[in-house]
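# Observations on the three-dimensional arrangement
These are the residues of each chain, in order.
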Amino acid sequence: MMMQCTTKETAIYQSDAYAVFADKVVQGQYTAKAVSATELQSNYQSPASEFKPAEIIFKFAINGRDNEMMPGVDHKFYIQPGTAETPVIVFGQHLNPPAPEGKYLEPNTRIKIKLDFSAPLQQMKEQGFFKAWNGDKIFKQDFQGVFIAGGTSPLTWDFDNLSRKKEMQLQDLDGDGIYEIELVFNAHDKSFQMASTWKPVHDLSAFPIYKSPHVLADAIYNLSIDEMMTAIEPDKTFRTGKEWAGVWTRDISYSIILSMAILQPEVAKISLRKKVKNDRIIQDTGTGGAWPVSTDRMIWAVAAWEIYKVTGEKDWLEYAYLVVKNSLNDDHQIAFDEETGLMKGESSFLDWREQTYPKWMQPADIFESACLGTNAVHVQANRVCAFMAKALDLEVEAEKFAAMAETIKKGVNQHLWMEDKGYYGQFIYGRTHKILSPKAEALGEALCVLFGIAEGERAKRVVENTPVTTFGIPCIYPQIAGIPPYHNNGIWPFVQSYWALAAQAVKNETSFLESQAAIYRASALFLTNKENMVAANGDYAGTQVNSSVMLWSLSGNLALVYKGLFGMQFRENSLYFSPFVPQTLAGTRSLKNFKYRGSMLDITLEGYGDQISEIRLDNVPMSDAVIPAGISGNHSISIKMNNNMPEKGQRNLAPDAISPNTPIVKFENSKLTWETVEGASEYLVLNEGKTVSSTSKTTFDTANLPFACWQVIAVDKNKHQSFASEPIQVAKQTTTVELANSPALGWEVKDFLGKGFVEISKTQNRSLPIKVTVAEAGKYALRFRYANGNGPVNTENKCAIRTLGFKKQKPGTIVFPQRGANEWSNWGYSNNLIVDLTLGEHIFVLFLGASNENMHGEVNQALIDELEIVKL
């Protein structure tokens, strides 16, 4: 419940939900107070257990997959006092009883959920497999159990990880086909409770000492320094968070860029070196087996360059350049789309696919998408590589990478910019015809401003127009229906920090101050730098996963001081100051014992405004705000601001919003049909990526076209769009080439088409010629039907990668991502490769090239069933 904060004191920042003062944060009944610069007290308690509705929403999942009923159709059950168990629910039959009035879930409610699973078991016995509603086959030998998913804790909708949660697996102990599970709902979780006081556990004196007119800001700064020291492991690497052990490429890189290069350059270098193998950057494990489905590893390059700018160490520059150059060359070979000028791959840091992508998108589809944040990273990584090459007197290489940076920048502005909205779209996606998702993507928007992809007025428009909500900027906007908070419906403080720095860059006081308040609210009330929070209510306890002492969150908090208020910009040969101080933060602030290369600086910043009126070095006036890299010894820097803020700047405060569900479309007898989507006021019908009709009906007669690629988008009354439905390809001419040599694998494989399949690996069929004959010349889409059971869909690193060669045309990349651990009868399709073919016979070669090494290095394997060739 939103509550107006009222007090006689003057607030630094105030909204309908909370207020930030010089010494405290007030949010309704909760207050966090800075007793001193080294003590914070908070009475905040998560309301996550209060007034939970008695309704539980759930569905069953064979092998942990979403395969019981179509998306959006879920079982509902209302737990009443005294209820001990559900009725026996038949698998696939929708349970939807009427809702009682005014009922809430009692604390620690224990309930037994019962499932009649006899029909699927009977099918497996009689025909060897069970066929789910969506056509997927679960073979008897692949059956691993029945799990329960849902939206009420302890249930989760995380189908990607569900099969690992054995506590969510139902059991049939007496073999009668009735499966059961007993769960406790609305449990009083200790994670909802927090300490009431923070005091430092480390000696903070070795780091820059910050003092401002606001004791709250000083305490939060010291809290972040204290947690930074906690985050350093015995091996001198960064720990990602209290709940996240180990070094993660993107986490440490974004943290280093924010402030860890400044405060911990040696730990930063050791951590980055941990994420290098064979002189290449390691992509964190993830969707479909990591790289190249995900390609945001290149943020490592930006972090490495930040370290060089801070330290000026030539040996680090030489090492980093080799790693960055090799990694970029591989990415250019495998993931660059010449048609759009964009890099393919998953959204940067948004690596939980169901949190930000439509459910129909498989890892191969995600590889083919081109995402805002990831492309912003690639622009800057190529630019950084050019800077590195130039610093090493490698002019030809510098020109090459600078040109690639400009190419990708042009692609972002051409294909992802939305002039009507004034910010960039989330990603382009699809199969043979790509469309733009109009959702905002917060990190990508910020990086486009900070990396100069959006320039001048366009940069200002991005900060003014990108939707923000009461508690901060959500990762995406609007949210996706039916997906619990994490990346979806989530605010991440490190993203908020990049957004604050974007506001600083365009001198938007309103947005900068609001971002700082959002970060300070969470840090003060929670007494730690949390990983994330629920966008709708600002609470830390409602997300799928959360951690305290989160490295990139604390790094962003510190960046608000160094790069935000003091405006520090590290350059190759200097430290430049461009402070930005909102009027409500006016006063004198200082940073003592700030180390810059061979010097120790004491810096004071006085007043407010967007420009420096005077800067002195050791009390001697300076003509500009540049401190040369060669400075040594102890020095004082005093900066006075102009006490003027010509424009406050605007921001787009938007209500919490959920986009409609993605339509599930069928095609039969030249007609498209779909179920009514709740909340939709109209439907857009797309053919080959272009809107051909807007209708309120749930059916559409298609023209008899030689080729069509149909999709439907649901639109609500606020003009929020769903994701486009899975493409339906209606082709006049489709040719298939069967691939079969029946390899001896040591395990059983089912459901292949024709007589068999071919194994490709590092030892088998490293070069595979394929003969194709077409009846007429034209443009064709090629894709392979394949299986890869080397790992789950959401983690590990065994994506199979191959190059498809064809004379007279540039070879293309085909990816065969993981589809499920040991699920070798789970067949799907690779990405499409679009080629021009002349009439007659053609020889393609699918081969394992030098650039096709995956992140695992040893297992690069898939089974191929057939090649499909579709005339476009």
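A brief look at the structure comes next. Everything numeric here is computed off the predicted structure, so don't read it as measured data. (Residues numbered from 1 in each chain as written. Predicted model: local features only at pLDDT ≥ 70, side-chain atom pairs only at ≥ 80, totals over all residues. Heavy atoms only, no water.)

## What about the pattern of salt bridges?
Should their charged atoms come close, side chains of opposite charge can pair. In this structure the tally under the stated criterion is 44 salt bridges. The partner of Glu9 in a salt bridge is Lys24, and the shortest N-O contact between them spans 2.7 Å. Of this pair, Glu9 sits in the segment before strand E1 (13–14) while Lys24 is found in strand E3 (residues 24–27), placing the two residues 15 residues apart along the sequence. Its relative accessible area of 16% is what places Lys24 among the buried residues. Ionic pairing is found between Lys112 and Glu180, a salt bridge with its closest N-O pair at 3.7 Å. (Salt bridge = Lys/Arg side-chain N within 4 Å of Asp/Glu carboxyl O. Helix = DSSP H or I, 4+ residues; strand = E, 2+ residues; numbered from the N terminus. Buried < 20%, exposed > 50% of the residue type's maximum accessible area, 1.4 Å probe, protein only.)

## Notes on the sheet that holds strand E8 (residues 85–90)
The mixed open sheet is built from three strands, whose spatial order is E8-E9-E13. At either end of the open sheet lies a strand with only one pairing partner, and these are E8 and strand E13 (178–185). Ignoring which end each strand starts from, the neighbouring axes of this sheet average 20° apart. As paired elements, E8 and strand E9 (residues 109–116) share four bridges and run parallel to each other. Bridge pairing links Val90 to Asp116 in E9. (Pairing = 2+ DSSP bridges. Axes fitted to C-alpha atoms, helices over the stretch in contact; angles between N-to-C directions.)

## Considering the packing of helix H10 (residues 372–391) against helix H12 (residues 442–450)
Between H10 and H12, the least distance of the axes is 7 Å, while the angle of their chain directions is 25°. In terms of axis orientation, H10 runs roughly parallel to H12. For H10 against H12, the interelement crossing comes out left-handed. Contacts from Leu372, Gly373, Ala376 and Val377 of H10 reach H12 at Gly444, Glu445, Leu447 and Cys448. Among the residues making up the contact of H10 with H12, the classes are represented as five nonpolar, two polar and one charged. (Parallel < 35°, antiparallel > 145°, perpendicular 65-115°, else oblique. Left-handed = near helix turned anticlockwise from the far one by under 90°. Contact = heavy atoms within 4.5 Å. Nonpolar A, V, L, I, M, F, W, Y, C, P; charged D, E, K, R; others polar.)

## Some details on the packing of aromatic side chains
Applying the stated rule across the entire model yields 49 aromatic pairs. An aromatic cluster of three or more residues is present, and its members are Tyr254, Phe349, Trp352, Tyr486, Trp492, Phe494, Tyr498 and Trp552. Sitting over the ring of Phe21, Lys24 keeps its end group 5.5 Å from the ring centre. (Phe/Tyr/Trp six-rings, centres within 6.5 Å; stacked < 30°, edge-to-face > 60°. Lys NZ or Arg CZ within 6 Å of the ring centre and 35° of its normal.)

## Describing unusual backbone geometry
Leaving glycine aside, a negative phi is the common case for residues, and trans is the common case for peptide bonds. Residue Trp291 is joined to Pro292 through a cis peptide bond whose omega torsion reads 5°. Tracing the chain through its elements places Pro292 in the loop between strand E17 (280–281) and helix H6 (299–311). In this chain, Tyr477 is followed by Pro478 through a cis amide linkage whose omega measures -5°. Along the polypeptide, Pro478 turns up in the loop between strand E27 (476–477) and strand E28 (479–480). Phi at Lys507 takes a positive value of approximately 60°, unusual for a residue other than glycine. Following the sequence through the fold, Lys507 ends up in the loop between helix H14 (493–505) and helix H15 (509–526).

## Describing the packing of H6 against H10
Packing of H6 against H10 brings their axes to within 8 Å, and their N-to-C directions diverge by 45°. The angle between H6 and H10 falls in the class oblique. The element H6 and its partner H10 pack so that their crossing is left-handed. Contact residues: H6 offers Ile299, Ala301, Val302, Ala304 and Trp305, while H10 offers Val377, Gln380, Ala381, Val384, Phe387 and Met388. A breakdown of the residues in the contact of H6 with H10 according to their chemical character gives ten nonpolar, one polar and no charged.

## Some points on H15
Helix length check: H15, at 18 residues, gives a terminal C-alpha distance of 26 Å against a target of 26 Å (1.5 Å per residue), a fit within 8%. The buried count for H15 comes to 17 of 18 residues, which makes it a mostly enclosed element. The N-capping residue of H15, defined by a side-chain oxygen 3.3 Å from the backbone nitrogen of Thr510, is Asn508. (Expected span 1.5 Å × (residues − 1). Polar contact = N/O pair within 3.5 Å; in protein donor to acceptor, adjacent residues only side chain to side chain.)

## Some words on the sheet that holds strand E44 (residues 690–695)
Strands pair in a sheet through their backbones, by hydrogen bonds, and they do so in one of two ways: parallel or antiparallel. The four strands lie next to each other as E44-E43-E46-E47, forming an open sheet whose pairing is antiparallel. Edge positions in the sheet fall to E44 and strand E47 (728–731), since each has one partner strand and no second. Across the sheet, the mean angle from the axis of one strand to that of its neighbour is 25°, orientation sign disregarded. In the sheet, strand E46 (residues 707–716) pairs with E47 via four bridges, with the strands oriented antiparallel. For Ala708, the partnering residue across the bridge sits in E47 and is Val730.

Remember that the coordinates give geometry; whether it matters functionally is a separate question.
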